[in-house]
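Read off the chains here:
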There are 2 protein chains.
Amino acid sequence: MADGSMSRVTIFEVADLAGVSVGTVSKALNGRGQLRAETVERVRAAARDLGFEPSELAKSLLRGRTFTVGLLTSDSFGRFSIPLTSGIEDALGAGQISVFLCDARGDRVREQHYVRSLLSRRVDGIIVTGRRTDPRAPINDERLPVPVVYAYCQSSSPDDLSLLPDDYQGGQLAARHLLARGRRRLAHVTGPVRFAAVREREQGLRSVLDTAGVELPASRILAGEWTEAWGREAAGALLSQNPDVDAIFCGSDIIARGVADELREAGIRVPEDVALVGFDNWEIMAAATRPPLTSIDMNIEGLGKTAAHRLLAMIRGDALSGVERMPCRLVVRDSSGVSTLRDLSTEHDPSASL
Amino acid sequence: MADGSMSRVTIFEVADLAGVSVGTVSKALNGRGQLRAETVERVRAAARDLGFEPSELAKSLLRGRTFTVGLLTSDSFGRFSIPLTSGIEDALGAGQISVFLCDARGDRVREQHYVRSLLSRRVDGIIVTGRRTDPRAPINDERLPVPVVYAYCQSSSPDDLSLLPDDYQGGQLAARHLLARGRRRLAHVTGPVRFAAVREREQGLRSVLDTAGVELPASRILAGEWTEAWGREAAGALLSQNPDVDAIFCGSDIIARGVADELREAGIRVPEDVALVGFDNWEIMAAATRPPLTSIDMNIEGLGKTAAHRLLAMIRGDALSGVERMPCRLVVRDSSGVSTLRDLSTEHDPSASL
DNA sequence: AACGCCGCGGCAAAGGTTTTCCGGAACGTT
DNA sequence: AACGTTCCGGAAAACCTTTGCCGCGGCGTT
């Protein structure tokens with residue numbers, strides 16, 4: 001009997017079929033009020049037969065909350081957006097919250113348009129994501145009627161809550177790992193210095209080396225593009241100018257891949273001669289590199305989950321703001337040397353030993 | 001005066017401020033009915049001052065349409081989901097339609113849950129996406145109250161509308177291109193035969209070679225995994241068993257990359273000795289390959305756009321069904337030989353000359 | 001026998017907007 | 001002066017659901 005061909009079935013038709021009033025139907029279906037068991041069953045049967053599905057629209061209007069949030073990607077969907085979105089959607093979906101997707105494609109006007117659209121749909125909150133961690137203008141000039149969380153991007157307003165990976169700690173992780181592997185002549189091949197992430201990763205690397213009393217001359221820091229070609233070029237330069245380097249920490253897995261290719265083709269063995277650590281832990285890239293690439297994982301999906309949880313807390317009334325950094329973790333593969341020993345540097349605890 | 005701190009402003013407050021009734025406010029703001037210009041202006045001013053934004057919820061309830069659609073990714077978000085989603089979101093956003101994002105992660109139960117959730121939110125339609133083009137069970141056992149489009153995946157029910165890239169024609173494109181480049185001893189390194197796309201691309205390749213009277217022995221068709229490692233392995237096998245091959249058409253750019261690496265390291269020149277064509281036109285992969293990879297582009301973003309347009313047509317009442325294939329196009333880079341000549345095989349017209 | 005209480009279920013308001021219908025005022029016409 | 005038009009804006013229904021309040025009937029008690 002389950003027709004359900006048209007979900008235009010309303011509570012009135014269920015009430016008619018069950019021979020009760022609409023209020024009673026609502027109570028029966030939601031387990032409110034005092035109803036005879038027989039009545040409840042009759043209503044349930046009617047609802048089932050008619051394929052009744054209460055309109056979330058009407059509910060939202062009544063309760064003043066929609067259980068929806070907006071996901072506003074300022075930049076277009078990129079590689080990081082996938083795990084980020086997955087994490088957000090996962091955490092929210094479990095709470096029966098639906099997600100509105102908005103891709104502003106880096107267009108400020110479009111972004112404003114989407115914000116208004118989300119507000120008119122009465123979302124309970126908004127998550128803004130990006131593909132760069134550098135500060136950006138907030139989406140609102142004035143105070144918005146709903147809470148906002150910035151995930152994998154940073155609002156330039158300190159009143160907003162921004163969630164970022166801890167690039168500094170990620171750099172430290174790589175440094176500790178390479179030191180633990182006995183390397184002392186490190187180099188760093190990374191992306192454009194205009195990226196905050198580039199600067200922070202380098203600083204993390206430096207902090208550990210400084211503490212350990214290991215030198216890192218400026219000539220062994222090479223900043224370029226986020227490309228394999230740059231990785232190859234930088235590796236070539238290193239080989240000719242700093243041939244004694246025994247470890248290279250790369251600012252991304254893509255760069256690391258270029259470095260690995262260049263080293264191999266130059267007859268340098270990885271990890272025996274030079275140990276290699278990447279950044280991002282981009283599975284498809286790290287696995288295809290020869291040898292498979294040790295890398296720093298920013299745990300973007302976890303960051304997405306956290307962003308969702310923070311937003312929920314703010315919707316519940318908590319007032320959150322400032323920048324929250326999420327720890328990175330080290331994923332060891334062959335490029336930094338095979339070892340059966342547990343590597344202490346994988347500890348998240350910043351006080352972990354070198 | 002623009003406060004807007006709380007978008008809880010209703011039409012009633014605007015009416016109060018403007019000294020008119022709510023009906024008049026609605027008419028003034030929407031340009032309906034007969035109103036004095038002075039009245040319209042007064043209402044507009046009041047709405048502006050209060051930061052009034054009409055509730056889409058209330059509108060939806062009234063008009064029986066929400067101007068929202070559900071985007072249901074059966075498989076988790078993958079590489080193809082990005083352009084697909086972009087295309088869909090782009091086409092729908094232009095029509096002021098918002099998108100609900102649902103990632104079922106390949107879980108049938110979760111998928112059903114999402115379908116019910118979308119229906120209870122009264123979406124106007126649903127787009128189902130996947131990352132494989134092979135037929136899959138439809139999301140609905142019975143007829144749904146809203147139209148559904150399958151994009152980059154195929155419903156096993158012929159009553160549904162499915163949009164797919166034309167893998168057959170893509171294979172033809174590659175074949176024509178390589179023939180036009182003067183190659184006659186082709187090989188095909190591709191993914192698992194259980195993928196429909198793998199079979200169709202090979203058939204397209206074959207159809208063109210048959211027509212041209214060019215042989216393609218089974219020993220030059222190598223099916224394996226969608227990995228670079230497989231590409232390298234297959235290329236090695238080809239070199240030892242079919243050293244006279246002068247062109248390789250690969251089932252994906254990833255595979256092609258492995259093939260290219262293996263060839264280069266074996267001292268085979270690309271494209272001089274062996275021309276190479278990939279599939280997917282995955283920019284980051286194609287550009288990083290040495291030499292940059294000629295590839296077949298499935299135009300996934302366009303497919304997403306088309307899916308959105310088809311869904312809109314169905315929402316308007318059109319009855320669409322069956323499988324619609326979208327043409328691929330060839331993107332020429334260095335791996336298939338540099339040429340200043342316009343390549344005839346780039347024509348979409350299937351009747352184009354070889 | 002009368003009163004009180006409890007179990008059950010109906011009534012109506014509320015939530016925010018659009019739209020139809022209707023009424024009143026002002027103006028023009030005969 | 002009376003009637004018809006036109007112009008403007010108000011009242012209320014409709015969309016769908018939840019929930020607080022109220023009423024009615026039956027049962028138990030004194």
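Up top you'll find the structure we're talking about.
This is a predicted model, so every value here is computed, not measured.

What counts and how
Residues numbered from 1 in each chain as written. Chains lettered and ligands numbered in written order. Predicted model: local features only at pLDDT ≥ 70, side-chain atom pairs only at ≥ 80, totals over all residues. Heavy atoms only, no water. Phe/Tyr/Trp six-rings, centres within 6.5 Å; stacked < 30°, edge-to-face > 60°. Helix = DSSP H or I, 4+ residues; strand = E, 2+ residues; numbered from the N terminus. Buried < 20%, exposed > 50% of the residue type's maximum accessible area, 1.4 Å probe, protein only. Near = heavy atom within 4 Å. Polar contact = N/O pair within 3.5 Å; in protein donor to acceptor, adjacent residues only side chain to side chain. Nonpolar A, V, L, I, M, F, W, Y, C, P; charged D, E, K, R; others polar. Least-squares fit on C-alpha atoms with pLDDT ≥ 70 in both. Contact = heavy atoms within 4.5 Å. Arc of directions from axis to C-beta. Axes fitted to C-alpha atoms, helices over the stretch in contact; angles between N-to-C directions. Parallel < 35°, antiparallel > 145°, perpendicular 65-115°, else oblique. Left-handed = near helix turned anticlockwise from the far one by under 90°. Pairing = 2+ DSSP bridges. Salt bridge = Lys/Arg side-chain N within 4 Å of Asp/Glu carboxyl O. Buried area = accessible area lost by both parts, 1.4 Å probe.

**Considering the packing of aromatic side chains**
Residue and element names in this part refer to chain B. Tallied over the full model, the rule gives eight aromatic pairs over all chains. Aromatic pair phenylalanine 80 and tyrosine 152: ring centres 5.1 Å apart, planes at 50°, arrangement tilted. On the criterion of sequence distance, the pair formed by phenylalanine 80 in the loop between strand S1 (68-73) and helix H5 (81-94) and tyrosine 152 in the loop between strand S5 (148-151) and strand S6 (154-155) is long-range, its members being 72 residues apart. Per residue, the accessibility class of phenylalanine 80 equals that of tyrosine 152, and both read buried. Here phenylalanine 195 and tryptophan 226 contribute two aromatic rings whose centre-to-centre distance is 5.4 Å and whose plane-to-plane angle is 85°, an arrangement assigned as edge-to-face. Of this pair, phenylalanine 195 sits in the loop between strand S8 (186-190) and helix H8 (196-212) while tryptophan 226 sits in the loop between strand S9 (221-223) and helix H9 (228-241), placing them 31 residues apart in sequence. Residue classification places phenylalanine 195 among the buried residues on the basis of a relative accessible area of 13%. A relative accessible area of 26% means that tryptophan 226 is categorised as partly exposed.

**A short note on the protein's contact with DNA strand D**
Looking at DNA strand D, there are 27 residues lining it, with A:Ile11, B:Thr24, B:Lys27, B:Arg36 and B:Thr39 nearest. Backbone sugar and phosphate groups make up 70% of those atoms of DNA strand D lying within 4 Å of the protein. Within the side chain of A:Arg32, an N or O atom sits 2.7 Å from a phosphate oxygen of DNA strand D. Within the side chain of B:Lys27, an N or O atom sits 2.6 Å from a base oxygen of DNA strand D. At the level of secondary structure, the elements contributing two or more residues to the surface near DNA strand D comprise helix H1 (11-18), helix H2 (22-30) and helix H4 (56-63) of chain A together with helix H2 (22-30) and helix H4 (56-63) of chain B. Ranked by the residues each element gives to the surface near DNA strand D, the list is headed by H2(A), at five residues. Per-class residue counts for the surface near DNA strand D are 11 nonpolar, 10 polar and six charged.

**Examining the relation of the copies chain B and chain A**
Overlay of chain B on chain A (RMSD 0.1 Å): rotation 180°, translation along the axis 0.0 Å. What the rotation and shift describe, once combined, is the action of a two-fold rotation axis. Measuring from the rotation axis to each C-alpha of chain B, the shortest distance belongs to B:Phe100, at 2.4 Å. Comparing contact sets, 98% of the residues at the interface of chain B also lie at the interface in chain A, consistent with an isologous, same-surface contact.

**Considering H1(A)**
All names here are of chain A. Turning to H1, its buried residues number three or more, namely Val14, Ala15 and Ala18. Along H1, the residues classed as buried sweep out an arc of 100° about the axis, all on the same side. More than 90 degrees from the buried face of H1, the exposed residues found are Phe12 and Asp16. Of the surrounding elements, those touching the buried residues of H1 are H2 and helix H3 (37-50).

**Remarks on the packing of helix H5 (residues 81-94) of chain A against helix H12 (residues 300-315) of chain A**
All names here are of chain A. One can describe the packing of H5 onto H12 by two numbers: an axis separation of 7 Å at closest approach and a directional angle of 40°. Relative to H12, the element H5 lies oblique. In this structure, H5 meets H12 at a crossing whose hand is right-handed. Packed against H5, whose contacting residues are Pro83, Leu84, Ser86, Gly87, Ile88, Asp90, Ala91 and Leu92, the element H12 presents Ile300, Glu301, Leu303, Gly304, Lys305, Ala308, His309 and Leu312 at the interface. Split by residue class, the contact of H5 with H12 holds nine nonpolar, four polar and three charged.

**Focus: the protein's contact with DNA strand C**
Around DNA strand C, a shell composed of 27 residues is seen, among which A:Thr24, A:Lys27, A:Arg36, A:Thr39 and B:Ile11 lie nearest. Between DNA strand C and A:Thr24 there is a distance of 2.4 Å, counted from a phosphate oxygen to a side-chain nitrogen or oxygen. Within the contact set of DNA strand C, a phosphate oxygen lies 2.5 Å away from a side-chain nitrogen or oxygen of A:Thr39. It is H2(B) that provides the largest number of residues to the surface near DNA strand C, a total of five residues. Of the residues that constitute the surface near DNA strand C, the class distribution is 12 nonpolar, nine polar and six charged.

**Some remarks on the sheet that holds strand S7 (residues 161-165) of chain B**
Sheet architecture is open: 12 strands sit in the order S13(A)-S7(A)-S5(A)-S3(A)-S1(A)-S2(A)-S2(B)-S1(B)-S3(B)-S5(B)-S7(B)-S13(B), paired in mixed fashion. Each having just a single partner strand, strand S13 (322-326) of chain A together with strand S13 (322-326) of chain B make up the two edges of the open sheet. Neighbour to neighbour, the strand axes of the sheet diverge by 25° on average, direction disregarded. Here strand S1 (residues 68-73) of chain A runs beside strand S3 (residues 125-129) of chain A; their pairing, made up of five bridges, is parallel. If you follow A:Val69 over to S3(A), its bridge partner there is A:Gly125. Sitting on the sheet, helix H6 (residues 108-120) of chain A touches S1, strand S2 (98-103) and S3 of chain A together with strand S2 (98-103) of chain B, and the angle it makes with S2(A) is about 160°. Where H5(B) meets the sheet, it contacts S2 of chain A together with S1, S2, strand S3 (125-129) and S5 of chain B, and its direction lies at approximately 85° from that of S2(A).

**Overview of the pattern of salt bridges**
Summed over the entire model, instances satisfying the criterion amount to 58 salt bridges over all chains. Where B:Arg105 meets A:Asp90, a salt bridge forms, and the shortest distance between an N and an O atom there is 3.9 Å. Residue B:Arg105 is found in the loop between S2 and helix H6 (108-120), and its partner A:Asp90 is found in helix H5; the two belong to separate chains. Under the relative-accessibility criterion, B:Arg105 is labelled partly exposed at 28%. Between B:Arg105 and A:Glu301 there is a salt bridge, with its nearest N and O atoms 4.0 Å apart. Placement of B:Arg105 in the loop between S2 and H6 and of A:Glu301 in helix H12 is noted, with the two residues assigned to different chains.

**Digging into the interface of chain B and chain A**
Between chain B and chain A, the contact holds 62 residues from the first and 61 residues from the second. Here chain B and chain A share an interface that buries about 5300 Å² over both sides, 47% of which is from carbon and sulfur atoms. Among the residues of chain B in contact with chain A, B:Leu57, B:Arg121 and B:Arg122 are the three that bury the most area, contributing 14% of the side total. Scanning the region where chain B abuts chain A turns up 17 salt bridges. Linking chain B to chain A there are 28 residue pairs in polar contact (both at pLDDT 80 or more).

**Quick word on the sheet that holds strand S9 (residues 221-223) of chain A**
Residues and elements named next belong to chain A. One open sheet accounts for six strands, arranged S9-S8-S10-S11-S12-S14; its pairing is mixed. Since the sheet does not close on itself, it has two edges, and those belong to S9 and strand S14 (329-331), each with one partner. Across the sheet, the mean angle separating the axes of adjacent strands is 20° when strand polarity is ignored. One ladder, built from three bridges, connects strand S11 (residues 275-279) with strand S12 (residues 294-297); its direction is parallel. Pairing of valine 277 across the sheet is with threonine 294, part of S12.

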